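Summary of structural features
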Amino acid sequence: YQSERIFAKATDGTLIPAATAVPAAELAGQIVELDRQVMERVLELLAQHQADGKALRLFVSQSPRSLARESFAEWLLQGIADRRIEGTSLIIDLRLDDTLIHSVTLRQFCNRLMPTGVQFCLSQFEPGREAEALLAQLPLGYLRVSSRYANAHSDPYKAVGINPED
């Protein structure tokens with residue numbers, strides 16, 4: 001079972017869905033700050049669950065702009081160390097389209113975090129030469145296929161572009 005509920009908090013305290021908050025933060029040049037706030041909350045949750053003796057793994061999406069910053073990697077490494085979080089409980093989700101564009105920078109980021117046990121997931125995956133090359137280039141522990149393929153079980157013809165009525 002998996003559930004994704006991602007919200008940002010507005011200045012008045014109301015929750016804003018990520019689908020609205022992320023594009024607004026990108027337009028305002030605030031995506032790095034939003035990513036930091038989200039990651040801070042994730043680290044707090046992981047530390048609390050770990051302190052309570054409960055296993056928890058969280059997948060968290062982050063902008064390549066955030067991950068490309070050396071200061072972000074340092075901040076995250078420090079946050080994990082300060083809270084004594086088991087690195088394997090954190091999985092950073094890398095969207096395929098972003099990863100194709102920023103593969104060198106993201107590989108460097110992954111290599112910085114791997115010694116802590118942090119894991120990485122390539123999401124929205126669709127087969128293709130460039131996408132498949134990423135599988136060899138990045139230290140991925142998880143792969144999420146595109147929703148087009150994930151929904152194929154309900155309509156296998158649609159997934160491969162076939163109309164059975166033709």
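Residues numbered from 1 in each chain as written. Predicted model: local features only at pLDDT ≥ 70, side-chain atom pairs only at ≥ 80, totals over all residues. Heavy atoms only, no water.

**Quick word on the overall build of the chain**
Filter applied, for reference: The way it works is that DSSP assigns letters per residue, a run of H or I at least four long becomes a helix, a run of E at least two long becomes a strand, and they are numbered from the N terminus. Accessibility here uses a 1.4 Å probe with only protein chains present; expressed as a share of the type maximum, an area under 20% marks a residue as buried, one over 50% as exposed, and anything in between as partly exposed. Every residue pair with non-hydrogen atoms within 4.5 Å of one another is taken to be in contact. Values of accessible area rely on a 1.4 Å probe in the Shrake-Rupley scheme; residue burial ignores everything except the protein chains shown.
If you tally the helices and strands in the chain, you get nine helices and six strands. The buried share of the chain, reckoned over its 166 residues, is 33%. Within the chain, contacts between residues at least 6 apart in sequence are counted, and of these 63% link residues at least 24 apart. Working note: accessible area of the chain is about 10,400 Å², and carbon and sulfur atoms make up 51% of it.

**Side note on unusual backbone geometry**
In this structure, arginine 84 takes a positive phi of about 55° despite not being glycine. Looking at the element boundaries, arginine 84 is found in the loop between α4 (70–83) and β4 (90–95). Backbone geometry places glutamine 124, a non-glycine residue, at a positive phi of 60°. Within the secondary structure, glutamine 124 is located in strand β5 (residues 119–125). Glutamine 124 sits in the partly exposed class, given a relative accessible area of 43%.

**Looking at the nonpolar core**
Note the cut-off: The set of buried Ala, Val, Leu, Ile, Met, Phe, Trp, Tyr and Cys residues whose side-chain atoms join them within 4.5 Å is what this entry labels a nonpolar core.
With 23 residues, the main nonpolar core has Met39, Leu76, Leu90, Ile92, Phe109 and Leu113 as its most contacted residues. Mapped onto this core, the elements with two or more residues apiece are α2 (31–51), β3 (58–61), α4, β4 and α6 (103–113). Within the second largest apolar cluster, six residues are counted, among which are Leu96, Leu122, Phe125 and Ala131.

**Side note on the side chain of serine 66**
Note the cut-off: Between N or O atoms, a polar contact is any pair within 3.5 Å; within protein, one atom must be a potential hydrogen donor and the other a potential acceptor, and residues adjacent in sequence are included only when both atoms are from side chains.
Relative to the elements of secondary structure, serine 66 occurs in helix α3 (residues 64–67). Reaching out from serine 66, the side chain makes a polar contact with the side chain of aspartate 35 at a distance of 2.6 Å. The residues touching serine 66, leaving out its near neighbours within four places in the chain, are Ile31, Val32, Asp35 and Phe72.

**With respect to the pairing of β3**
Note the following rule: When DSSP finds at least two bridges between two strands, those strands are taken to pair.
Here β3 shows a clear split, with Leu58 and Val60 buried on one side and none of Phe59 and Ser61 buried on the other. The sheet contact formed by β3 and β4 spans four bridges and is parallel. Residue pairing in the sheet places serine 61 in a bridge with aspartate 93 of β4.

**What to know about the confidence of the model for the chain**
Which entries qualify depends on this criterion: Note on scores: pLDDT gives the predictor's confidence for each residue, bounded by 0 and 100.
Taken over all residues, the pLDDT of the chain has a mean of 82, while the share at 70 or more is 75%. Ranking the elements of the chain by mean pLDDT puts strand β1 (residues 7–9) last with 52 and α4 first with 95. Predicted confidence for residues 1–6 stays below pLDDT 50, and this span has five contacts to residues more than four positions away or in other chains.

**Considerations on the side chain of glutamine 119**
With respect to the helices, strands and loops of the structure, glutamine 119 is situated in strand β5. Overall, the relative accessible area of 18% leaves glutamine 119 in the buried class. Here the side chain of glutamine 119 touches threonine 88 through a polar contact of 3.1 Å, landing on its backbone oxygen. Those residues in contact with glutamine 119 that lie beyond four places of it in its chain are Arg57, Gly87, Thr88, Leu90, Ile91, Ile92 and Tyr142.

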